[in-house]
Amino acid sequence: MPNAESPRPSTRRRGSTPVYSLYGEAAGSPALDGLHLESIADRSRLHNWEIQPHRHGALVQLLLIERGRLVVRMDEQDRVLRAPALVWVPALAVHGFRFAPETDGLVVTLDQARLRALLDHLPELLDSLSEPRLVLLDRGATVTRVLFAVAHGLREDYAGRGPWRAASLDHAVALLVTQAARFAAAEAAHPVAGEGRAMQHLARYREQVERHYRRQPPVSELAAPLGITPTQLNRLCRRHLQCSALAVLHQRVLLEAKRELGYTNLMVRQIADGLGFADPAYFTRFFLRHTGCSPSAWREQGDGC
């Protein structure tokens, strides 16, 4: 994953975060045939190179940044990326961008139905695309050059009317999306040099948390597939993440609670039940302890009380 710097924070309130089909266009205006392509400049230049936080109800997006620099706002975090880079935005993820002027790249917007039609025979790959991805690319790598070559070809086909155009578009989109998933998987399987097995264990632990957080299983259960003890896992988390293994799980539960409070109409007790809390009162105490306000107050006032 890219290294985070210290960009100025973006502010967001639940009531002011719109749902768009494409940014600046009301939800319900579908992308052409479930697919839309444009350069980063096409839309961001209209908004002074800044796309305010928003979400898409039924669209996913792939951004390929070929030149320049940007700040990505994804849920609760800001990250700085320098080209070449790849950003994957799943449906309902709150996201925004601040591009350095003249940043160059391609935005692929895809209806979830079309994505599923392309990859329904690969359920594990689809599952891996349910979370946001921010990936720094190696400019000199062959796979990076191929990735951008496919993107350029996709853009030409999209603008043209050649024979078997739809099939060509589908093949190119499937290749790009698959590669996005593979980059993320490669990062998890092969941490950067010098981080070694500790980073492998932490990456796998995060995968376990992502897979099981709604049950809130004990840390011992999450540590077992890693082949290490809960004590060893806690030591790794405290050393590299500055928190306990249980806190990593709680942070993921809290993020999902905020998402569901902010972007669904589920009742508090329904959210509590869906996140593994046997008692809504316990969920309220958990949320209050971590945020300083109750779930109902947070929902009314946005991300802060």
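Residues numbered from 1 in each chain as written. Predicted model: local features only at pLDDT ≥ 70, side-chain atom pairs only at ≥ 80, totals over all residues. Heavy atoms only, no water.

Caption draft 1: Expanded view of the side chain of S39. Relative to the helices and strands, S39 resides in strand β2 (residues 35–39). The contacts of S39, once residues within four sequence positions are left out, are G105, L106 and R155. (Helix = DSSP H or I, 4+ residues; strand = E, 2+ residues; numbered from the N terminus. Contact = heavy atoms within 4.5 Å.)

Caption draft 2: Quick peek at the packing of aromatic side chains. Evaluated as defined, the whole model comprises 6 aromatic pairs. Centre to centre, the rings of F283 and F287 are 6.1 Å apart; their planes meet at 55°, and the pair counts as tilted. Here F287 and F283 lie together in helix α11 (residues 280–291), a separation of 4 residues that amounts to about one turn. Here F283 and F287 have matching classes, each one buried. By way of ring pairs, the aromatic residues F277, Y282, F283, F286, F287 and W298 are connected into one cluster. (Phe/Tyr/Trp six-rings, centres within 6.5 Å; stacked < 30°, edge-to-face > 60°. Buried < 20%, exposed > 50% of the residue type's maximum accessible area, 1.4 Å probe, protein only.)

Caption draft 3: Quick peek at the pattern of salt bridges. All told, the structure shown has 12 salt bridges when counted by the stated rule. Among the salt bridges present, the one from D170 reaches R114, with a minimum N-O distance of 2.7 Å. Remark: R114 occurs in helix α2 (residues 112–119) and D170 occurs in helix α5 (residues 165–189); sequence separation between them is 56 residues. On the basis of relative accessibility, which here comes to 24%, the residue D170 falls in the partly exposed class. R259 is paired through a salt bridge with E256; the nearest N and O atoms lie 3.3 Å apart. Residue R259 and its partner E256 are located together in helix α9 (residues 245–263), separated by 3 residues, close to a single helical turn. There is no split in this pair, since R259 and E256 are both buried. (Salt bridge = Lys/Arg side-chain N within 4 Å of Asp/Glu carboxyl O.)

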